[in-house]
Amino acid sequence: MEQKDINTQLKVSAIQDGTVIDHIPSDHLFKVISILKLDATSNQVTFGANLDSKMMGKKAIIKIANKFFEGDDIKKIALFAPHASLNIIRNYQVTRKIRDIGLPDVVEGAIKCFNPACITNHETVRTSFTVSNKGHLALKCKYCEKITTGEQMIIIP
Amino acid sequence: MEKLTQRKRDLISITDYTKEEYDHIMRMAAEFEASPNQQLLQGKVVAVLFFEPSTRTRLSFETAINRLGGRIVGFSDSNSSSVTKGETLHDTIRMVSNYADLIVMRHPLEGAARYAAEVASVPVINAGDGANQHPSQTLLDMYSIVKTQGRLDNLNICMVGDLKYGRTVHSLLQALSQYQNPVFHFIAPPELRLPEEYRLYLNERDIDFAEHTEFTSVINQADIVYMTRVQKERFSTPMEYEQVKNVYILRNSMLANTKNTMRILHPLPRVNEIAPDVDANPHAYYFEQARNGVFTREAIIAYTLGLKNI
Ligand SMILES: [Zn+2]
């Protein structure tokens, strides 16, 4: 299975150094691109969608050249790709693999609060949510204290 | 001596306080009731910023500040403030922080008080942020319960009316859940049922509660009957409102078999949910409850400024 995964990865052109994000649900590919602001980066980014995956049926992959995510910031992709894995590539080799990166405890500045009466939707306030997943994803706003559910999440451009 | 490094003691949500802090506020409120005029705020300026009008709450806070000997600056609605000139909340709070020792604020947007507390260099007391929080109301509700029942443990509490949007109901149940063995009865139409979030909250803590759609003899076991307004604007059609508005009216005739010590609370203003014939009944406590607000707010202000520490 590992070999097969590598083969599917090769369908998207290989990178020398950088990060490969694997096991993204195909229909959430653009959300992951958006939340990581890859639409605004100058790094070389390649991606593939609707690739076969034994685990997921269809999946998407993103490869970002010369980019190594640091800290917990990368965890916010788990909001849209809970089973995503990270492969750190150095000289065409996977030097580190992180499976199921897991949800962050806190998400800051990436998601809009769903409550139209929330101060964050009226004044320039960086949003902040505590994240929980008791059966379903729930982001509790630090300010209005209301819940934004997984389906209600909108990425701040 | 107050340590300079101590974190600012804002009161934004009822959950900002621990159980020890609730108890401390209760004790202090009793002290202020015994002796309301104490010059603790002499030489201090309190900014009372009401970005939306609420005369009742503002007068209660301003009375508390006056009884503590403090001076007041501020505005009573955003029409008379710089807000109408388009100034952001951020800038208003930054400016006022330079002038006052404490900010008491009410704002129509939810989360405004939490944000103001982050921006302000002085402590902030939330006097209501939209439909979100109104913690001084909850503390005065608790003080009214302590005064009439002598305790916050082992209480049977009936909450009636709009349990969906009623922020006072949500805050009070969270605060009372910190005490021993509360039993809650929730009486509401299905449209205004207690939100799942709070049912989950009680279940996680193994707290006894029951839900009812009829206003029945369940109040005969109650120590506290907490009434709220059923607001017309919560319903999608006027018909729906007409169907439920009269189901939840508390009348004098319903009180015959209730406990002697039972007291009726209401955050006020009421519309028609408590019939006028209840007012003269010894169970009625809602007007005294409002009076307790001043002592509770004196306690909150003194504690927030570190003038009466635990
Ligand atoms: Zn919010």
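Since we're looking at a predicted model, the values are computed, not measured. (Residues numbered from 1 in each chain as written. Chains lettered and ligands numbered in written order. Predicted model: local features only at pLDDT ≥ 70, side-chain atom pairs only at ≥ 80, totals over all residues. Heavy atoms only, no water.)

Once that is clear, we can look at the overall build of chain B. When you go through chain B residue by residue, the secondary structure sums to 9 helices and 9 strands. Relative to its length of 310 residues, chain B is compact, with a C-alpha radius of gyration of 20 Å against a globular reference of 19 Å. The dimensions of chain B, computed from C-alpha atoms along their principal axes, are 55 × 40 × 40 Å. A sequence separation of at least 24 residues applies to 73% of the contacts in chain B between residues at least 6 apart. For chain B, the accessible surface area stands at approximately 13,400 Å², while carbon and sulfur atoms represent 47% of it. Averaged over its 33 positive side-chain charges, chain B has a centre that lies 5 Å from the centre of its 37 negative ones. (Helix = DSSP H or I, 4+ residues; strand = E, 2+ residues; numbered from the N terminus. Rg over C-alpha atoms; globule rule 2.2 N^0.38 Å. Contact = heavy atoms within 4.5 Å. Areas by Shrake-Rupley, 256 points an atom, 1.4 Å probe, with all protein chains shown as cover. Lys, Arg positive; Asp, Glu negative; His and termini not counted. Charge placed at Lys NZ, Arg CZ, Asp CG, Glu CD.)

All right, on to the interface of chain A and chain B then. With 14 residues of chain A in contact, the opposing surface of chain B contributes 15 residues. Both sides of the chain A and chain B interface together cover about 1,300 Å² of buried area, and 46% of this is carbon and sulfur. Together, A:Glu123, A:Tyr143 and A:Glu145 form the three largest contributors to the area buried by chain A at its contact with chain B, with a combined 40%. Linking chain A to chain B there are 4 salt bridges. (Buried area = accessible area lost by both parts, 1.4 Å probe. Salt bridge = Lys/Arg side-chain N within 4 Å of Asp/Glu carboxyl O.)

Moving on: the packing of aromatic side chains. Tallied over the full model, the rule gives 7 aromatic pairs over all chains. Ring centres of A:Tyr143 and B:Tyr115 lie 6.2 Å apart, and the angle between their planes is 75 degrees; this geometry places the pair in the edge-to-face category. With A:Tyr143 in the loop between strand E8 (137–141) and strand E9 (147–149) and B:Tyr115 in helix H4 (residues 112–119), the pair connects residues from two separate chains. With relative accessibility at 4%, the residue A:Tyr143 sits in the buried group. Arranged with centres 5.6 Å apart and planes meeting at 85 degrees, the rings of B:Tyr17 and B:Tyr303 form a pair that is edge-to-face. Taken together, the residues B:Tyr17 in the segment before helix H1 (19–34) and B:Tyr303 in helix H9 (residues 286–304) connect sequence positions 286 residues apart. Residue class for B:Tyr17 comes out buried when judged on its relative accessible area of 5%. Through a chain of ring-to-ring contacts, the aromatic side chains of B:Phe184, B:Phe186 and B:Phe209 assemble into a single cluster. The residue whose ring lies beneath B:Arg9 is B:Tyr303, and the NZ or CZ to ring-centre distance is 4.1 Å. In this structure, B:Arg205 is placed above the aromatic ring of B:Tyr201, and the distance from its NZ or CZ to the ring centre is 3.6 Å. (Phe/Tyr/Trp six-rings, centres within 6.5 Å; stacked < 30°, edge-to-face > 60°. Buried < 20%, exposed > 50% of the residue type's maximum accessible area, 1.4 Å probe, protein only. Lys NZ or Arg CZ within 6 Å of the ring centre and 35° of its normal.)

This paragraph deals with the domain arrangement of chain A. Residues and elements named next belong to chain A. What the domain assignment lists for chain A is domain 1 (2–98) and domain 2 (106–155). With centres defined by C-alpha atoms, the gap from domain 1 to domain 2 works out at 25 Å. Buried area between domain 1 and domain 2, both sides added, is near 580 Å², and the carbon and sulfur share of it is 84%. Looking at the side of domain 1 facing domain 2, the largest losses of area belong to Ile-35, Leu-79 and Phe-80, adding up to 70% of the total buried there. Linking domain 1 to domain 2 there are 0 salt bridges. In this assembly, domain 1 and domain 2 are joined by 0 residue pairs in polar contact (both at pLDDT 80 or more). (Domains from an automatic or database assignment. Polar contact = N/O pair within 3.5 Å; in protein donor to acceptor, adjacent residues only side chain to side chain.)

For the rest of this paragraph, the subject is the coordination of the zinc ion. Residues and elements named next belong to chain A. Around the zinc ion, the protein supplies Cys-113 (SG), Cys-118 (SG), Cys-141 (SG) and Cys-144 (SG) as donor atoms, at distances of 2.3 to 2.4 Å. Viewed at the metal, the 4 donor atoms of the zinc ion are separated by angles of 100 to 117 degrees, and the geometry they form is tetrahedral. Of note, the donors binding the zinc ion are all from one chain and are spaced C-x4-C-x22-C-x2-C. Of the two residues, Cys-118 sits in the loop between strand E6 (106–108) and strand E7 (128–133) while Cys-141 sits in strand E8, which places them 23 residues apart along the sequence. Judged by its relative accessible area of 0%, Cys-118 falls in the buried class. Using a relative accessible area of 3% as the deciding quantity, one classes Cys-141 as buried. (Donors = N, O, S within 2.8 Å, 3.2 Å for Na, K, Ca; no water. Tetrahedral: all angles 85-135°; square planar, octahedral: opposite > 155°, others 65-115°.)

The subject of this paragraph is the environment of B:Glu31. All names here are of chain B. Following the sequence through the fold, Glu-31 ends up in helix H1. Between the C-alpha atom of Glu-31 and that of Ala-299, which follows or precedes it by 268 residues, the distance is 8.6 Å. Discounting chain neighbours no more than four positions away, the residues touching Glu-31 are Gln-38 and Lys-308.

Residues and elements named next belong to chain B. All of the buried residues in helix H3 (residues 89–99) are Leu-89, Thr-92, Ile-93, Val-96 and Ser-97. Each buried residue of H3 sits inside an arc of 135 degrees when the element is viewed along its axis, so together they form one side. In this fold, the buried residues of H3 make contact with strand E1 (45–50), strand E3 (102–107) and H4. (Arc of directions from axis to C-beta.)

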